[in-house]
Amino acid sequence: DGASLMECYETDAACKHLKPYVPIIKNSPLYPVVLDSEETVMSLPPIINGSKSRITLDTKNVFIECTATDLTKANIVLDTVVAMFSEYAANPFSVEPVTVNYVNESQEVVNSYVSP
């Protein structure tokens, strides 16, 4: 469960590099989790990123995500990073939009939008 995971990140010596980020979400009613279409955890921001989403010199497709406690600020940062990063795409300044779903405690989608 999420509380046990946060406790581990806070106290396990092997996770000491993650400890400073735990207070950001520890007391939240829900934890932000980025999943791919196959339900694989890509990120538990701001704590960890998944190895499946690691960038290498052979990477062809990049998923850029931004998590914050303020949605407006997050969208400004995301739009800026995507615009700057897209300059280096095979087709410069082209991006593929994604659907963002916000899910409540009952796993119901309560808000959804396409970005960028």
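This text follows the structure it describes.
Residue positions are given per chain, counted from 1 along the sequence in the order it is written. Two thresholds apply to this predicted model, a pLDDT of at least 70 for residue-level local features and 80 or more for giving and counting side-chain atom pairs, whereas whole-chain, interface and lining totals are computed over all residues. Each side-chain value is derived from all of the structure's non-hydrogen atoms; neither hydrogens nor water enter the calculation.

The next point concerns unusual backbone geometry. The step from P45 to P46 runs through a cis peptide bond, and the omega angle for that step is 0 degrees. The helix and strand labels rest on DSSP assignments: H or I over at least four residues marks a helix, E over at least two residues marks a strand, and numbering proceeds from the N terminus. With respect to the helices, strands and loops of the structure, P46 is situated in the loop between β2 (41-44) and β3 (48-49). Despite not being glycine, F93 has its phi angle at roughly 65 degrees, a positive value. Structurally, F93 can be placed in the loop between α3 (71-86) and β4 (98-103). The residue Q107 is not glycine, and still its phi comes out positive at about 65 degrees. With respect to the secondary-structure elements, Q107 resides in the loop between β4 and β5 (109-115).

Keep in mind these numbers describe shape, not what the thing actually does.
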